[in-house]
Amino acid sequence: MAWLSWARIWALTLKEFSVLFQDKRTRFVVIGPPLIQLFIFGYAATFDLKQAPVAIFNQDQGMVSQEIIGHLAGSDTFEIVAHLHSNREVPEIIDRKEAMIVVSFPSDFSSRLMSTGSTQMQVIVDGRNSNTALLAQNDVAQVVEAFNQDWAQRHHLADPPISLVPRNWFNENLESNWFFVPGIVALIVLVVSLLVTALSVAREREEGTFDQLLVTPALPVEILIGKSLPGLLIGLFESNIIILLAMFWFDVPFRGDYLLLQFALFFFILSAIGIGLMISSLSTTQQQALLGAFMFMVPAVILSGFATPIENMPDVIQWLTYLDPMRYFLVVVRGVFLQDMSFDSLWPQIWPMIIIALITLSMAAWLFRHRTD
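Just so we're clear, the structure is a prediction, and the values are computed from it rather than from any experiment.

Draft legend 1. Broad picture of helix H13 (residues 325–339). In this model, H13 (15 residues) spans 21 Å end to end at C-alpha, consistent with the 21 Å of a helix rising 1.5 Å per residue. The element H13 is extensively covered by neighbouring structure, given that 14 of its 15 residues are classed as buried. Here H13 starts with a cap whose side-chain oxygen sits 3.0 Å from the backbone nitrogen of Met326, and that cap is Asp324. Backbone geometry just downstream of H13 places Asp340 in the positive-phi region, at approximately 60 degrees.

Draft legend 2. Fine view of the pattern of salt bridges. Going through the model one piece at a time under the given rule, you end up with three salt bridges. Measuring nitrogen to oxygen at the nearest pair gives 3.5 Å for the salt bridge that ties Arg88 to Glu92. With a relative accessible area of 57%, Arg88 lands in the exposed category. Close ionic contact of Arg154 with Asp150 constitutes a salt bridge, the shortest N to O distance being 3.0 Å. Placement of the pair is Arg154 and Asp150 together in helix H6 (residues 130–155), with a separation of four residues, close to one helical turn. Given the relative accessible area of 42%, Arg154 is considered partly exposed. On the accessibility criterion, Asp150 (35% relative accessible area) is partly exposed. Because the salt bridges share partners, they merge into one network encompassing Glu67, Asp150 and Arg154.

Draft legend 3. Spatial organisation of the confidence of the model for the protein chain. Of all residues in the protein chain, 81% have pLDDT values of 70 or greater, and the mean over the chain is 79. When mean pLDDT is compared element by element in the protein chain, helix H10 (residues 258–282) scores highest at 91, while helix H2 (residues 24–44) scores lowest at 58.

Draft legend 4. Representation of the pairing of strand S2 (residues 78–84). Where strand S1 (residues 52–58) meets S2, six bridges bridge the pair, whose relative direction is parallel. Directly across from Ala55, in S2, lies its bridge partner Ala82. Taking the sense of rotation as the criterion, the β-α-β connection linking S1, helix H3 (residues 63–74) and S2 turns out right-handed.

Draft legend 5. Just the nonpolar core, in detail. Grouped together as the largest cluster of nonpolar side chains are 58 residues, with contacts concentrated most on Val102, Phe268 and Phe329. Among the elements that line this core, the one with the most residues is H10, at eleven residues. Leave out the neighbours within four places in its chain, and Phe268 touches Ala186, Val189, Leu190, Pro325, Met326, Phe329 and Met353. By size, the runner-up hydrophobic cluster in this structure holds 25 residues, among which are Ala52, Ile68, Val140 and Val143.

Draft legend 6. Summary view of a nonpolar patch on the surface. Where nonpolar side chains cluster on the molecular surface, the patch consists of Phe263, Phe343, Trp347, Trp351, Ile355, Leu358, Ile359, Met363 and Trp366 and spans about 890 Å² of accessible area. For the nonpolar patch, the element with the most residues is helix H14 (residues 343–372), which contributes eight residues. Along the chain, Trp351 turns up in helix H14.

Draft legend 7. Summary view of the packing of aromatic side chains. Inspection of every chain in the model, using the stated rule, returns eight aromatic pairs. On the basis of an interplanar angle of 80 degrees and a centroid distance of 5.1 Å, the ring pair of Phe263 and Phe267 is categorised as edge-to-face. A residue pair is termed a helical-turn pair when its members lie 3 or 4 positions apart in one helix, as Phe263 and Phe267 do in helix H10 at four residues. Judged by relative accessible area, which is 34%, Phe263 ranks as partly exposed. Three or more aromatic residues link up through ring pairs in this structure, and these residues are Phe263, Phe266, Phe267, Phe343 and Trp347.

Draft legend 8. Molecular detail of the packing of helix H7 (residues 176–207) against H13. Interaxial distance between H7 and H13 falls to 9 Å at its minimum, and their mutual angle equals 140 degrees. The orientation of H7 relative to H13 falls into the category oblique. For the pair H7 and H13, the crossing hand works out as right-handed. Along its contact with H7, which presents Trp178, Phe179, Pro182, Gly183, Val185, Ala186, Leu187 and Leu190, the element H13 presents Met326, Phe329, Leu330, Val333, Arg334, Phe337 and Leu338. When the residues that make up the contact of H7 with H13 are grouped by side-chain class, the tally is 13 nonpolar, one polar and one charged.

Draft legend 9. The arrangement of the sheet that holds strand S3 (residues 101–105) in detail. Ordered in space as S2-S1-S3-S4-S5, the five strands form an open sheet in which the pairing is mixed. Each end of this open sheet is capped by a strand with a single partner; those strands are S2 and strand S5 (162–169). Neighbour-to-neighbour, the strand axes of the sheet open up by a mean angle of 25 degrees, direction not taken into account. As defined by bridge partners, S3 adjoins strand S4 (residues 119–126) across four bridges and the pair is classed as antiparallel. Looking at the pairing, Val102 lines up with Ile124 of S4.

Draft legend 10. View of the packing of H7 against helix H11 (residues 286–303). Interaxial distance between H7 and H11 falls to 8 Å at its minimum, and their mutual angle equals 160 degrees. Regarding the angle of H7 to H11, the classification is roughly antiparallel. As H7 packs across H11, the resulting crossing turns out to be right-handed. Contact with H7, carried on its side by Leu187, Leu190, Val191, Leu194, Leu195, Ala198, Leu199, Ala202, Arg203 and Glu206, involves Gln286, Ala289, Leu290, Ala293, Phe294, Phe296, Met297, Ala300 and Val301 of H11 and no other residues of that element. Each residue belonging to the contact of H7 with H11 can be placed in one class, and the counts come to 16 nonpolar, one polar and two charged.

About the thresholds
- Residue positions within a chain follow its written sequence, with the count starting from 1.
- Totals for whole chains, interfaces and linings use every residue, but because this is a predicted model, local features are given only for residues with pLDDT of at least 70 and side-chain atom pairs only at 80 or more, for both listing and counting.
- To get the side-chain values, take all heavy atoms of the structure and skip hydrogens and water.
- Numbering goes from the N terminus for both helices and strands, where a helix is a DSSP run of H or I of at least four residues and a strand is a run of E of at least two.
- By this rule the span expected of a helix is its residue count minus one, scaled by 1.5 Å.
- Any residue under 20% of the maximum accessible area for its type is buried, any over 50% is exposed, and the rest in between are partly exposed; the area is computed with a 1.4 Å probe on protein chains only.
- Polar contacts here mean pairs of N or O atoms no more than 3.5 Å apart (in protein, one a potential hydrogen donor and the other a potential acceptor; neighbouring residues in sequence count only if both atoms are side-chain atoms).
- What counts as a salt bridge is simple: a side-chain nitrogen of Lys or Arg found within 4 Å of a carboxyl oxygen of Asp or Glu.
- Confidence of the predictor in every single residue is expressed as pLDDT, which spans 0 to 100.
- For two strands to pair, DSSP has to find at least two bridges joining them.
- For crossovers, right-handed means that the path from the first strand over the helix to the second runs clockwise, given strands pointing away from the viewer.
- The criterion is simple. A nonpolar core is a set of buried Ala, Val, Leu, Ile, Met, Phe, Trp, Tyr and Cys residues joined through side-chain atoms within 4.5 Å.
- Note on definitions: a residue-residue contact is assigned when non-hydrogen atoms from the two residues lie within 4.5 Å.
- The patches described consist of residues with a relative accessible area above 30% and no salt bridge, like charges being joined within 9 Å and nonpolar side chains (Val, Leu, Ile, Met, Phe, Trp, Tyr) within 5 Å.
- Here the accessible surface of atoms and residues is derived via Shrake-Rupley with a 1.4 Å probe, and residues count as covered only by protein chains that are part of the display.
- Geometry of aromatic contacts follows a simple scheme: Phe, Tyr and Trp rings, the Trp one being its six-membered ring, pair when their centres are within 6.5 Å, and the pair is stacked under 30 degrees between planes, edge-to-face over 60, tilted otherwise.
- Fitted lines through C-alpha atoms give the axes, limited to the stretch in contact for helices. The angle between two N-to-C directions lies from 0 to 180 degrees.
- When an angle is under 35 degrees it counts as roughly parallel; over 145 it counts as roughly antiparallel; between 65 and 115 it counts as roughly perpendicular; any other value is oblique.
- Crossings are classed by handedness, with left-handed meaning an anticlockwise turn of the near helix from the far one by less than a right angle and right-handed meaning a clockwise turn.
- Here the nonpolar group is Ala, Val, Leu, Ile, Met, Phe, Trp, Tyr, Cys and Pro; Asp, Glu, Lys and Arg are the charged ones; every other residue, Gly included, is treated as polar.

Following this line, the structure appears as structure tokens:
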């Protein structure tokens, strides 16, 4: 390797570092996103259950059920958020996602345990997130197992006195595909719509056709609409292909209103297009646009609840998720697929996407005019 000049190689390396760090935006891209993503992933990407909301439906008047409730309340894993008084309240509190788990004690729970030495309690789990539901079941089972060991030791019993009867709603067998495949609709739509629009204006600038575009009779708003439509149409087409594959290839049940899903999908794509056009308007090259798109996409997916529940994230991170349109659409697509949620139930998830779309599209139009001037 004597023919190599390490001095020249070192000089070129220093020159590349100099060029890399001379540009303020490049310095930010190299240093900023890795640090930001480290903190987001470190705090947001966790499968641990912390303070999972639990509702108690206790029809028993005995002390045994109160003792188990005390064990649940003393656990760091659970937070008791409600005490229910009728069966009618059980589906309502799970539908509204106010409770992930409902622990139900029958009216003869304590008396059966004292008279026969064994009894049953029921745990109803929100199965829309299959991973979290399985973790919740296991954590409740650990609390019951600890109680069983203590009770059996005190009363000299050979068999566990309490058996747990789990019920998973909306995903009875906790099929992971039922949770992940509808989420892929949101993921693919975000990636495709964002990339198509993020590269559009930057491509014109890089290829030198941007000035030609500006001297055409088309107004800036018309240009933006023309650049938005491909992303909208491609997003709608690909999302419906994925919906069909989810139903007929992966056997995910579709229990809801197809038109309601398309209505929400339209505004989700618009919000992604608005973000993509903002990135494109700020970028001068396609490389910058790609970096900007991926800087947004990766945290957006993590913060959306695609894989890990938002409820497990720290409060500061949870506030950041309200800026993420994918957070809202995931609730819609999984709710329509698995739960047959109504328009009234999903409207709180739809109107934030409309607001995000209006703000981002308006900002993209302003940036476009500003860069044009």
